[in-house]
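The chain contents come next:
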Amino acid sequence: MMMYSSRQAWLFVLPALLLYGAFVAVPILQVAAYSMFSWDNGSIKAFGGLSNYTRLVSDNVFWTALGHNAIWAVLTLCFPLLIGLVLASILAERSSRFVKVMSAVYFLPRTIPLVVAGIIWGWIYNPVFGLLNYLLDMAGLGAWGGAWLAEPGSALISLNAAGAWTFYGFCILIYLSAIQSIDPSLYEAASLDGAGWGQRFRFITVPLLKSTTLFLGLYSAIEAMRFFDLVWVTTQGGPGYDTEVLTTHIYKTFFLVGDFGYAAALSVVLLVIVLLVGGLSYRILRQP
């Protein structure tokens, strides 16, 4: 077996490091530097130090957006992960051909770009010709219909349902792979003892998939902090600020308001939050 010295190993890694430095590290440092200045019409006005960061304390939109990110993360934990776990457990007991077909069907929404998914769900939620209100009318539940993305009480949850539709297939595949690694003799022994599907699911599947659930939960929390496309295509943070998230707040502050320094500070804070969640996930997943 050919052995490489550390110098040769660094030569192999160097191209990736150069690309990472040019397109990731340097832009991050630039944004951090921009956040230390006040801007006027796209040009630096004066050095402001940490003034842009102190503005965060009194920025109600920032705290509202951060709260919506947290709500999104919680809802994602409640729905896509639960649906994915149940469906994966059901699929695991079916024939391999059926599993392959249904896995492809369930994963299909994950392959659709979020911009396209936002357009599709915008049509579904449309109060005039939307499919959801039409189905409610057909079922005699027309009184439950409404402008799903234009009402404060339903906009954020409706968007999260659309996001769950794009994410649950990924959860199914991860859970299905984990279930298939469980020793089948455990399920056989439980069946011989008279345990039904629900008991096997509760006492075997769920406990043995703890690490998988933790991984998906932390992954969804990171995704919840940085998603943008779906919200911007459908509501742009409205009505009012009822679906505002950190990424849309940053976008508006930079492109619509032109406050480059404060937008940069918001970006740095978002980066720190994502890094903290990522570091937490790495530390927890490393534990035996």
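Residues numbered from 1 in each chain as written. Predicted model: local features only at pLDDT ≥ 70, side-chain atom pairs only at ≥ 80, totals over all residues. Heavy atoms only, no water.

Overview of the overall build of the protein
For clarity, the threshold we go by: Here a strand is any run of E in DSSP of at least two residues, a helix any run of H or I of at least four, and the numbering for each starts at the N terminus. Accessible area is worked out with a 1.4 Å probe on protein chains only. A residue is then buried under 20% of its type maximum, exposed over 50%, and partly exposed in between. Any two residues having at least one pair of non-hydrogen atoms within 4.5 Å are treated as being in contact. Residue burial considers only the protein chains on display, and all accessible areas are found by Shrake-Rupley using a 1.4 Å probe. His is not counted here, nor are the chain ends, while Lys and Arg score as positive and Asp and Glu score as negative. Think of each charge as sitting on NZ of Lys, CZ of Arg, CG of Asp or CD of Glu.
Regarding its fold elements, the protein presents 14 helices and 2 strands. The principal-axis extents of the C-alpha atoms in the protein amount to approximately 75 × 70 × 30 Å. Taking all 288 residues of the protein together, 37% fall into the buried category. Contacts in the protein between residues at least 24 apart in sequence constitute 66% of all its contacts with a sequence separation of at least 6. Summing over all exposed atoms, the protein offers an accessible surface of approximately 17,000 Å²; the carbon and sulfur share of this is 69%. For the protein, the distance from the average site of its 14 positive side-chain charges to the average site of its 13 negative ones is 11 Å.

A closer look at the nonpolar core
What counts here: Joining through side-chain atoms within 4.5 Å is the link that ties buried Ala, Val, Leu, Ile, Met, Phe, Trp, Tyr and Cys residues into a set, and such a set is a nonpolar core.
Judged by nonpolar contacts, the single largest core of 24 residues is most densely connected at Leu-91, Tyr-175 and Leu-209. In terms of residue count, the dominant contributor to this core is helix H8 (residues 155-180) (9 residues). Leaving out residues up to four positions away in the same chain, Leu-209 has contacts with Leu-85, Tyr-175, Ala-178, Ile-179 and Ile-182. Listed in part, the 14 residues of the second largest apolar core include Leu-56, Phe-62, Ile-250 and Val-269.

Some details on the pattern of salt bridges
The cut-off we apply is this: Counted as salt bridges are all cases of a side-chain nitrogen of Lys or Arg within 4 Å of a carboxyl oxygen of Asp or Glu.
As enumerated under the stated definition, the model contains 4 salt bridges in all. Taking the shortest distance from any N to any O, the salt bridge between Glu-244 and Lys-252 comes out at 2.9 Å. Of the two residues, Glu-244 and Lys-252, both sit in the buried class.

Observations concerning the packing of aromatic side chains
Just so we agree on the cut-off: Aromatic pairs are defined between Phe, Tyr and Trp rings, using the six-membered ring for Trp, whenever the two ring centres lie within 6.5 Å; interplanar angles under 30 degrees are classed as stacked, those over 60 as edge-to-face, and all others as tilted. Geometrically, a lysine NZ or arginine CZ counts as sitting over a ring once it is within 6 Å of the ring centre and also within 35 degrees of the ring normal.
The final tally for this structure, using the stated rule, is 18 aromatic pairs. Three or more aromatic residues link up through ring pairs in this structure, and these residues are Phe-228, Trp-232, Tyr-251, Phe-254, Phe-255 and Phe-260. When the ring centre of Tyr-262 is taken as reference, the NZ or CZ atom of Arg-55 above it lies at 3.9 Å. Over the aromatic face of Phe-170 sits the side chain of Arg-110, whose NZ or CZ is 5.1 Å from the ring centroid.

Comments concerning the environment of Val-231
Here Val-231 is to be found in helix H12 (residues 229-234). As a C-alpha pair, Val-231 and Thr-247 span 16 residues in sequence and 9.4 Å in three-dimensional space.

Here we look at the side chain of Ser-154
Inspection of the secondary structure puts Ser-154 in the loop between helix H7 (131-138) and H8. Setting aside its immediate chain neighbours within four residues, Ser-154 contacts Ala-147 and Trp-148.

Examining unusual backbone geometry
In the segment running from Gly-238 into Pro-239, the intervening peptide bond is cis, with an omega of -5 degrees. Assignment of secondary structure puts Pro-239 in the loop between H12 and helix H13 (246-257).

Topic: a nonpolar patch on the surface
Which entries qualify depends on this criterion: Nonpolar side chains (Val, Leu, Ile, Met, Phe, Trp, Tyr) are joined into patches within 5 Å and like charges within 9 Å, using only residues with over 30% relative accessible area and no salt bridge.
On the surface, a nonpolar cluster with roughly 750 Å² of combined accessible area is contributed by Trp-10, Leu-11, Phe-12, Val-13, Leu-14, Leu-17 and Leu-18. Overall, the relative accessible area of 38% leaves Val-13 in the partly exposed class.

As for the state of the cysteines
Stated precisely, the cut-off is as follows: Throughout, a disulfide means two cysteine sulfur atoms within 2.5 Å of one another.
Counted under the stated rule, the structure contains 0 disulfides. Looking at the unpaired Cys-78, the closest cysteine sulfur is the one in Cys-171, lying at 12 Å. On the basis of relative accessibility, which here comes to 40%, the residue Cys-78 falls in the partly exposed class.

Describing H13
Residues of H13 that are buried include every one of Leu-246, Thr-247, Thr-248, His-249, Ile-250, Lys-252 and Thr-253, and no others. Positive phi shows up at Gly-258, right after H13, with a value of about 80 degrees.

Some points on helix H11 (residues 210-226)
Note the cut-off: Multiplying one less than the number of residues by 1.5 Å gives the expected span of a helix.
Between its first and last C-alpha atoms H11 spans 25 Å; for 17 residues at 1.5 Å apiece the expected length is 24 Å, and the two agree. Among all positions in H11, only Thr-212, Leu-216, Gly-217, Leu-218, Ser-220, Ile-222, Ala-224 and Met-225 are buried.

Structural notes on the confidence of the model for the protein
Short version of the rule: Values of pLDDT, the confidence the predictor places in each residue, fall between 0 and 100.
In this model, the protein carries a mean pLDDT of 88, and residues with pLDDT of at least 70 account for 97%. Of all helices and strands in the protein, the one with the weakest mean pLDDT is strand E2 (residues 43-47) (78), whereas helix H6 (residues 114-124) scores best (93).

Remarks on the packing of helix H4 (residues 80-91) against helix H10 (residues 197-208)
Filter applied, for reference: Helix axes are fitted to C-alpha atoms over the stretch in contact, other axes to C-alpha atoms as well, and angles between N-to-C directions run from 0 to 180 degrees. Roughly parallel covers angles under 35 degrees, roughly antiparallel covers those over 145, roughly perpendicular covers 65 to 115, and oblique covers all other angles. Two helices that cross are described as forming a left-handed crossing if the nearer one is turned anticlockwise from the farther one by less than a right angle, and a right-handed crossing if clockwise.
Relative to each other, H4 and H10 sit at 110 degrees, their axes nearing to 12 Å. With respect to H10, the element H4 is oriented roughly perpendicular. The chirality of how H4 crosses H10 is right-handed. Of the residues in H10, those touching H4 at Leu-85, Val-86, Ser-89 and Ile-90 are Trp-197, Phe-201, Thr-205 and Val-206.

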